[in-house]
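# A look at the structure
The lines below spell out each chain.
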Amino acid sequence: MVSLHNGGAWLVNGEIIPDGSQAMDQIKQKTGVTPDLTEAKKQTIAYGILKNHNTVDSMDQLRIRFDKLTSHDITFVGILQTARASGLEKFPVPYVLTNCHNSLCAVGGTINEDDHVFGLSCAKKYGGIYVPPHQAVIHQFAREMLAEGGKMILGSDSHTRYGALGTMAIGEGGPELVKQLLEQTYDIPMPGVVAIHLTGKPQKGVGPQDIALAIIGKVFANGYVNNKIMEFIGDGVKNLSVDYRIGVDVMTTETTCLSSIWETDDSVKEFYEIHQRPEGYAELKPGNVAFYDGLVEVDLSTIEPMIAMPFHPSNVYTIREVNENPYDILREVEKKALVSLDNNKEIQYQLTDKIHDGRIYVEQGVIAGCAGGGYENLCDAADILEGKFIGDGEFSLSVYPASQPIMMQLVKNGTMATFLEAGATVRTAFCGPCFGAGDVPSNNGLSIRHSTRNFPNREGSKVTNGQIASVALMDARSIAATAANEGYLIPATDVDVNFKKPKYFFDKTIYDHRVYNGVGKADPSIEIKFGPNIVDWPTMYPLTDNVLLKVVSMIHDPVTTTDELIPSGETSSYRSNPLGLAEFTLSRKDPAYVGKAKEVRKAEEARLEGTTLTEDGWGEVYDAIQEKFGLKAEDVEVGSVIYATKPGDGSAREQAASCQRVLGGLANVAREYATKRYRSNLINWGMLPFVFEGDLPFDKDDVILVKDIKSAIQNKEDNIQAYVVTQGMKEFTMHLGNLTDDERDIIQKGCLINYNKKNA
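Before going into details, it helps to say that this report is about the structure given with it. Not measured: the values here are computed from a predicted model.

### Quick look at the pattern of salt bridges
Counted by the stated rule, this structure contains 36 salt bridges. Among the salt bridges present, the one from K700 reaches D590, with a minimum N-O distance of 3.6 Å. Linking K700 in the loop between β31 (688-691) and β32 (703-706) with D590 in the loop between α21 (578-582) and α22 (593-608), this pair joins segments that are 110 residues apart in sequence. Connected via shared salt-bridge partners are E376, D380, D475, R477 and K501.

As structure tokens, then:
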């Protein structure tokens, strides 16, 4: 199905040659010349796009400027507030503010709709684009109206992926968008480029989610594409419709890659023509001799319908093997789940009870969002459901078209009627099912979803309240087949169906009549409208020469998601209120964290007021550092720190870091960071991204002294000496890793806001 190669690979006139002892001879036989590795690396599609957007001569350390930006209503308020505090006057590039996450204004009083009003007033003042609630999910609007061949888009949502349309798109935390709004750059080392070589043609009934899950299952755990660019090439590309390619592409985020790009062809050209933007198309393909840093071979014809079991998109099986051996596989999933659930004894987690007379029964199906809500997915699902009924049992099916133009065409061609006749319910464009704000299943329920993630609590349950439900990721076609089977799990390849493939007609007037487009029309006279929940960032202070870090949480899970660091769902109403949102930090992973962090913050508040906190053991700590190093309490900044083995998988939300900072957090310590974007969020909020290898020398509630940290940053030192004060000054070494000069300056000044204020 999917195979990985050790080492790199050459693409020579469309033929893949894995790198090795015979590679040079093979290439010379085919081309007549010995290839130049340096030049061949420049022949990837990715290299060309990055070079065109790099603002400095060196391609080793890139400083990128993006063509367009996009955010949704969980992230744009914080971004705009940060940019305003940093001196924003107008948007320098098109910036789209969509409203697809906080769309349901039913919880928390007026505050969600206040965010929308704020967004519209900012779009008018600074010259942006405003997409009202229920018009489109962020990524579908970008596909329809923003993407262009050879361009780059930066979005404050992790699933910012438009590679199938020839656009290199990256999802990052909000501060990286702030930098672009202030005409600064996105700074990264030149990433590796991995070839995703597609061959063959998918079986009937196999959809894009199946292909994506098969790839994720192979590359996530081993980090094969981590922080690299996935470049999709090969004869198999032409066998996929553009909608199909988009469905695979959006899920590349779950591999932890940096971005993705695909070779383009006449099918992509037709996509731009259908969407009335023919000028957006650009033919993209690798050079005649190109070198890739890795190779993933994907034989599309061998991939079966897949299912990603709780609690990660990489926990994949074929639906066939699950149905053939349900007891053993579900017991295996239950065992894996205990790790994600911290072996919580109060949760009686079980999946084997879903086996009814030897068959697996699920309570819910959802086809939604940027991954599932595409036109072709929904048309194919409706064809499977035609003349069928989902039944009157526990099973329910919900469908969320990704945009109003898609909804319009589904109404016009009768597809919507098929869903309704089958017993499905249809919603407007909304991202809720992807983060637990829509279609929450019952306690112990199992939901199959064509969406993006299935982390714990992702569907809205709360383990800390004794609730647990599960999401399994599947393709829309197999979800429809299961729905037609009244909730009993079945792959789409097992049903007899005629996929009609109705042509898509894009009606742009829906956007013309409702979307505000203020690009190039900034009006400084516009007053921004603030609701009571839109709160400025609290003051962040510059880094001192020495810091004391109290360990307030220890997370030993193999991977910690951003949803566990700051939960999604009902907390979304507080995304515009840094202080209010911070109360939820780690609430579903370590409920004691907030209280402990606040206790540590008292010591720093006392220092800033010119006094010294002596209770809770601080007196002994200060005495110890005075005796050992001659350090006075007033000279040492105090903050909290969390340890996590591998934090930051999943969402790009900056709040995973900023909420820690608001509560007085100064650092994270990790074995490694799951994503570049989470580490960047820490840095942009003035937090130290430490890495430590070996047996941990500290535990929860220990206090760590990091002496001369400011000078170490200034001198670009990587080895950072630290001392566990509460264990007799036990000495150990941490690392900061590669930091750019700007990142070092941001940390020293306390956060990106301070950095920009100082520069201004």
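### Digging into the packing of helix α14 (residues 375-385) against helix α18 (residues 476-484)
At their nearest, the axes of α14 and α18 sit 8 Å apart, and the two run at 25° to each other. Considering their axes alone, α14 and α18 lie roughly parallel with respect to each other. At the point where α14 passes α18, the crossing takes the right-handed sense. Note on element contacts: α18 touches α14 through A476, R477, A480, A481, A483 and A484, opposite E376, N377, D380, A381, I384 and L385. Here the contact of α14 with α18 is composed, by residue class, of eight nonpolar, one polar and three charged.

### Re the sheet that holds strand β8 (residues 152-155)
Overall, mixed pairing links the six strands, which are arranged β9-β8-β5-β6-β7-β25 in an open sheet. Two strands lie at the open edges of the sheet, namely β9 (168-171) and β25 (516-517), each paired on one side alone. Sheet analysis places strand β5 (residues 68-71) next to strand β6 (residues 95-98), joined by three bridges and oriented parallel. Looking at the pairing, S71 lines up with L97 of β6.

### Here we look at the pairing of strand β15 (residues 294-299)
Among the six residues of β15, five are classified as buried, and the element is accordingly described as predominantly covered. Of the strand pairs in this sheet, strand β1 (residues 2-5) and β15 are connected by four bridges, and their pairing is antiparallel. Each bridged residue has a counterpart across the sheet, and for H5 the counterpart in β15 is L295. Two elements, strand β11 (residues 193-199) and β15, share six bridges in a ladder whose sense is parallel. Across the sheet, I196 pairs through a bridge with V296, a residue of β15.

### With respect to helix α6 (residues 138-145)
Of all eight residues in α6, eight are buried; the element is thus mostly enclosed. Every buried residue of α6 is accounted for by I138, H139, Q140, F141, A142, R143, E144 and M145.

### Notes on the packing of helix α8 (residues 208-219) against helix α9 (residues 242-249)
Packing of α8 against α9 brings their axes to within 8 Å, and their N-to-C directions diverge by 35°. Note on packing geometry: the crossing formed by α8 with α9 is right-handed. Contact residues: α8 offers P208, I211 and A212, while α9 offers Y244, G247 and V248.

Cut-offs and rules
The numbers attached to residues start from 1 for each chain and follow its sequence in the written order. Note on the predicted model: pLDDT of at least 70 is required for a residue's local features to be given, and 80 or more for side-chain atom pairs to be given and counted; whole-chain, interface and lining totals, by contrast, use all residues. As a rule here, side-chain values cover all heavy atoms of the structure and leave hydrogens and water aside. Any carboxyl oxygen of Asp or Glu that lies within 4 Å of a side-chain nitrogen of Lys or Arg is treated as forming a salt bridge with it. Helical segments are the DSSP runs of H or I of at least four residues, strand segments are the runs of E of at least two, and each set is numbered from the N terminus. Note on definitions: angles span 0 to 180 degrees between N-to-C directions of axes, and those axes are lines fitted to C-alpha atoms, for helices only across the stretch in contact. The scheme is simple: roughly parallel for angles under 35 degrees, roughly antiparallel for over 145, roughly perpendicular for 65 to 115, oblique for anything else. By the definition used in this description, the sense in which the near helix is turned from the far one sets the handedness, with an anticlockwise turn below a right angle giving left-handed and a clockwise turn giving right-handed. Contact criterion: two residues are considered in contact whenever any of their non-hydrogen atoms come within 4.5 Å of each other. Note that Gly is not counted as nonpolar here; it falls among the polar residues with everything else outside the nonpolar set of Ala, Val, Leu, Ile, Met, Phe, Trp, Tyr, Cys and Pro and the charged set of Asp, Glu, Lys and Arg. Here, any two strands with at least 2 DSSP bridges between them count as paired. Here's how the labels work: a residue is buried when its accessible area is under 20% of the maximum for its type, exposed when over 50%, partly exposed in between, all with a 1.4 Å probe on protein chains only.

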